[in-house]
Amino acid sequence: MVSQRILRITKDTFLKLRPEQSSQLPPSDLYAVKAHTTYEIQAYADRDATGTFNDHIKVTLENPVQGNSVWYVYKLHAQVEYDGDIVYPPEAEISYPILHINAATFFKRRPVQASSLPDAEKYAVNPGQSFPLQSYAYRDASGTFANHIKFALRYQEDFIRGLSTWYAYDRHAYVELNGRVIYPPADPNGYVLRIKTNTLFKRRPLQADELAADEVSPVAAGNIFPLLAYAYGDSSGQSFNGHLKVTFKYVKNYINGANTWYVYGGHAQIEQAGKVVPPPPPVKVSVKGADSISRVTSSSFITQATTLLGSKPAYWGRYFSDLSYTGTGEYLTQEHRLFRANNIRVLPVGRDTTRVSLGQAEGRQDGAQQAADVLGKFGESYLQSQGGEFYLFLDVELTDPLSSSYYIGWSQAVRAASSRVRLLPCVYLNASDATTSRALANAMSAGAVCSGLWIAYYVFYNTSAIVSTPFDGSRASPATSVPAPVLFWQYAGDIAGAYDFNISNPAIDAQTILRRLILPPG
């Protein structure tokens, strides 16, 4: 396996075509680069048979710059990393402290507020810059330097206005020796991120295949990162699609200049003082959605639903009967594009409504066809890559109540439909349909599985005047007891002649529900 080889620029400098002082080279032999810039490289060397390259590193870039692949860079302004490990300079050579700049700040001649200093006594520096030090101190005989680090720059070329001794605010900088932070001292109660399995850092909390190449960065199991901040969810309490949001404490851990990333929660954990910090209890949040017989092939259809519902639907119920059926209401793959573009998940509904009062054989036949329809239209490989576990609701209307035998056969067929994707049998029913709720409870007593209920009880019907409606457990309940959780309440029917509207049960984590609905492929 080829390792990831990176040249990381640690201070504003030049790439050079010859290993000489930049002042001795023509502009055509120089290429200015900023601190924290990174380049993929094929190889590097710090010396050849005749000796060193005049205190420069020679690198061969993976992608040429200004038509040249081979460049030199001053050795104190860069480092070389293989798979995240620093291979140059060697650890044995780093025997002096290095000041790293963690945030945009000022070097100061006195340890006071920058605003109280004249321009001649301060010098702006940027995050990502680093400076070798001759020495540093954070207190004198009379006490601290007002939360500043006092330091002496090691090399004359780094002197600022001819002066080597300056101060930096200690929240904006840190001192490192041989790869270890030595000041400010480690906080024993500070938070760290521990990577449990090889995974990816992501710029957005999405599936990896939904992100561009520059939005992901691999990270190996066992790595530990000190954190400035972390979060399990946003300000409303909703989780980041199962991800942790982390902000790195030290600039050396920044990735492509960014300090805030996401990582899948199953692959990492937050720790404090050696103990795992568990996620807070999920905030009770409902998510709203729509369903329709009409196919969703026009953006105006989504726009109208959004206006009526008060927010864009997070999911949309659509019907699945048989792969060969293209009649009224049947979901077609042409709907993928709009749902994906609007980040709306499909809530699959199995539809052979007039047959649900029949026997086990009919249930088995219908369940197999409906499951095959779902698997075929989205693809088993794609569904597996998206989590591999999804709801499939059996549509049961008041006019044709369910029989226990039919549900036993239907649920068995749905569960057996794939060895790669787990379809979870669920039931849509009217709140007043006692025949169906009793039949379902009897089927479950006989061993049938029901993973959830979708209850219809209309507060609004055949109107365009609806208002925001919180989940109401007293209305979203089956007529008789069923040992299955209520996942959705359909509270508005035939709205504007086209839509039904629904809300999820806030007692069940909204992200858990959404992960079991299908975001179509792009």
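None of these values were measured; they are calculated from a predicted model.

(A) How the structure looks around the side chain of His 336. Residue position: His 336 is located in helix H2 (residues 336-341). When neighbours within four sequence positions are excluded, His 336 is seen to be in contact with Tyr 331, Lys 377, Phe 378, Pro 520 and Pro 521.

(B) Representation of the pairing of strand S34 (residues 453-461) in the model. Direction of pairing for strand S33 (residues 422-430) relative to S34: parallel, over a ladder of four bridges. Considered in S34, the bridge of Asn 430 is made with Ala 456.

(C) A look at the packing of helix H3 (residues 360-378) against helix H5 (residues 404-415). Viewed as axis vectors pointing N to C, H3 and H5 meet at an angle of 35 degrees, and their least axial separation amounts to 6 Å. For H3 against H5, the interelement crossing comes out right-handed. Facing H3, whose interface residues are Gln 360, Glu 362, Gly 363, Arg 364, Asp 366, Gly 367, Ala 368, Gln 370 and Ala 371, H5 presents Ser 405, Tyr 406, Ile 408, Gly 409, Trp 410, Gln 412, Ala 413 and Val 414. Residues belonging to the contact of H3 with H5 are distributed by class as follows: seven nonpolar, seven polar and three charged.

(D) Up close: the packing of aromatic side chains. Here the structure, examined in full by the defined rule, presents 36 aromatic pairs. Seen in terms of ring centroids, Phe 201 and Phe 225 are 5.4 Å apart; in terms of plane orientation they differ by 75 degrees. Their pairing is edge-to-face. With Phe 201 in strand S22 (residues 199-202) and Phe 225 in strand S24 (residues 224-231), the pair connects residues that are 24 residues apart, well separated along the chain. Ring geometry for Tyr 428 and Trp 454: centres 4.9 Å apart, planes at 80 degrees, overall edge-to-face. Taken together, the residues span a long stretch of sequence, with Tyr 428 in strand S33 and Trp 454 in strand S34 at a distance of 26 residues. The class for Tyr 428 is buried, based on a relative accessible area of 8%. Here Trp 454 falls in the buried class, since its relative accessible area comes to 3%. Grouped by ring-pair contacts, the aromatic residues Phe 301, Trp 316, Phe 320, Tyr 331, Phe 339, Phe 378, Tyr 499 and Phe 501 constitute a single cluster. Here Arg 109 stacks its cationic end above the ring of Trp 166, 5.5 Å away from the centre of that ring. Seen from the ring of Trp 261, Arg 203 lies directly overhead, with NZ or CZ sitting 5.2 Å from the centre.

(E) Structural detail: the nonpolar core. Ranked by internal contacts, the top residues of the largest apolar core, which has 58 residues, are Trp 316, Tyr 407, Leu 440, Leu 453 and Phe 501. Beyond its immediate stretch of four places on either side in the chain, Tyr 407 contacts Leu 394, Leu 402, Pro 425, Cys 426, Val 427, Leu 440, Ala 443, Ala 448, Val 449 and Cys 450. Core analysis: the second largest hydrophobic core is formed by 22 residues, Val 181, Leu 193, Tyr 232 and Phe 248 among them.

(F) Quick peek at helix H1 (residues 299-309). Restricting attention to buried positions, one finds in H1 the residues Phe 301, Ile 302, Ala 305, Leu 308 and Leu 309. When H1 is viewed along its axis, its buried side chains cluster within an angular range of 130 degrees and face the same direction. In this fold, the buried residues of H1 make contact with strand S29 (288-291), strand S30 (315-320), H2, strand S35 (486-495) and strand S36 (499-504). In the segment just after H1, Gly 310 is the residue with positive phi, at about 95 degrees.

(G) Region of interest: the sheet that holds S33. In spatial order, the strands read S29-S30-S31-S32-S33-S34-S35-S36; together these eight strands close into a barrel with mixed pairing. Between one strand and the next, the sheet's axes are offset by a mean angle of 35 degrees, whatever the strand orientation. Pairing of S29 with S36, which is carried by four bridges, proceeds in the antiparallel orientation. Bridge assignment links Ala 290 to a residue of S36, and that residue is Phe 501. Here H1 sits on the sheet in contact with S29, S30, S35 and S36, set at roughly 55 degrees to S36.

Parameters at a glance
- Residues numbered from 1 in each chain as written.
- Predicted model: local features only at pLDDT ≥ 70, side-chain atom pairs only at ≥ 80, totals over all residues.
- Heavy atoms only, no water.
- Helix = DSSP H or I, 4+ residues; strand = E, 2+ residues; numbered from the N terminus.
- Contact = heavy atoms within 4.5 Å.
- Pairing = 2+ DSSP bridges.
- Axes fitted to C-alpha atoms, helices over the stretch in contact; angles between N-to-C directions.
- Left-handed = near helix turned anticlockwise from the far one by under 90°.
- Nonpolar A, V, L, I, M, F, W, Y, C, P; charged D, E, K, R; others polar.
- Phe/Tyr/Trp six-rings, centres within 6.5 Å; stacked < 30°, edge-to-face > 60°.
- Buried < 20%, exposed > 50% of the residue type's maximum accessible area, 1.4 Å probe, protein only.
- Lys NZ or Arg CZ within 6 Å of the ring centre and 35° of its normal.
- Core = buried A, V, L, I, M, F, W, Y, C linked by side-chain atoms within 4.5 Å.
- Arc of directions from axis to C-beta.

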